[in-house]
Amino acid sequence: MNAVLLIAHAPLASALRAGALHVFPDAGASVVAIDVRPEAAPEASLAAAQAALASLPPEQSVLILTDVFGATPCN
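Scoring rules and cut-offs
Residues numbered from 1 in each chain as written. Predicted model: local features only at pLDDT ≥ 70, side-chain atom pairs only at ≥ 80, totals over all residues. Heavy atoms only, no water. Helix = DSSP H or I, 4+ residues; strand = E, 2+ residues; numbered from the N terminus. Pairing = 2+ DSSP bridges. Axes fitted to C-alpha atoms, helices over the stretch in contact; angles between N-to-C directions. Contact = heavy atoms within 4.5 Å. Buried < 20%, exposed > 50% of the residue type's maximum accessible area, 1.4 Å probe, protein only. Right-handed = clockwise from strand over helix to strand, strands pointing away. Core = buried A, V, L, I, M, F, W, Y, C linked by side-chain atoms within 4.5 Å.

With that settled, the discussion passes to unusual backbone geometry. Across the junction of Ala10 and Pro11, the peptide omega takes the value 0°, indicating a cis bond. Structurally, the position occupied by Pro11 is in the loop between β1 (3-9) and α1 (12-23).

By way of backbone hydrogen bonds, the strands of a sheet pair with one another, either parallel or antiparallel. The three strands lie next to each other as β2-β1-β3, forming an open sheet whose pairing is parallel. Every interior strand has two partners, whereas the edge strands, β2 (31-36) and β3 (62-66), have only one. Averaged over neighbouring strand pairs, the angle between their axes works out to 15° when direction is ignored. Inspection of the sheet shows β1 paired to β2 by six bridges, in the parallel sense. What sits directly across from Ile7, in β2, is Ile34. Each of β1 and β2 touches α1; the most contacted strand, β2, lies at about 155° to it. Of the strands in this sheet, β1, β2 and β3 touch helix α2 (residues 42-55), which is tilted by about 170° from β2.

Let us now look at the pairing of β1. The element β1 is largely enclosed, with a buried count of five among its seven residues. Both β1 and β3 contribute to a ladder of five bridges, which runs parallel. Bridge pairing links Leu6 to Leu65 in β3. With α1 bridging β1 and its parallel neighbour β2, the resulting β-α-β unit is right-handed.

With that settled, consider the nonpolar core. In summary, soluble globular proteins display a tendency toward joint burial of nonpolar side chains. The biggest cluster of nonpolar side chains holds nine residues, and these are Ala3, Leu5, Ile7, Val32, Ile34, Val36, Ala49, Ala52 and Leu56. Breaking this core down by element, the ones donating at least two residues are β1, β2 and α2. Residues contacting Ile34, with those up to four places away along its chain left out, are Leu5, Leu6, Ile7, Ala8, Ala13, Ala48, Ala49 and Ala52. Counting residues in each nonpolar core, the second largest holds six residues, with Leu6, Ala13, Leu21 and Val31 among its members.

That's the geometry; what it means functionally is another story.
Next up, the structure:
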């Protein structure tokens with residue numbers, strides 16, 4: 001099974017994850033959301049994304065989705 005990492009401005013990532021799990025309830029372990037707060041430093045967002053990727057099984061392919069090109073979650 002593949003995984004999805006959602007990185008978006010708070011609370012969009014969690015809301016998208018909740019919507020996905022409403023349709024695919026068995027995919028909970030494979031859909032990870034990171035909500036980036038407006039005051040978050042880019043380094044903190046990067047560390048959270050790296051930790052989220054490390055939490056997924058290494059054999060999984062990961063699709064990373066973000067909300068705004070050029071904004072902190074995307075960078």
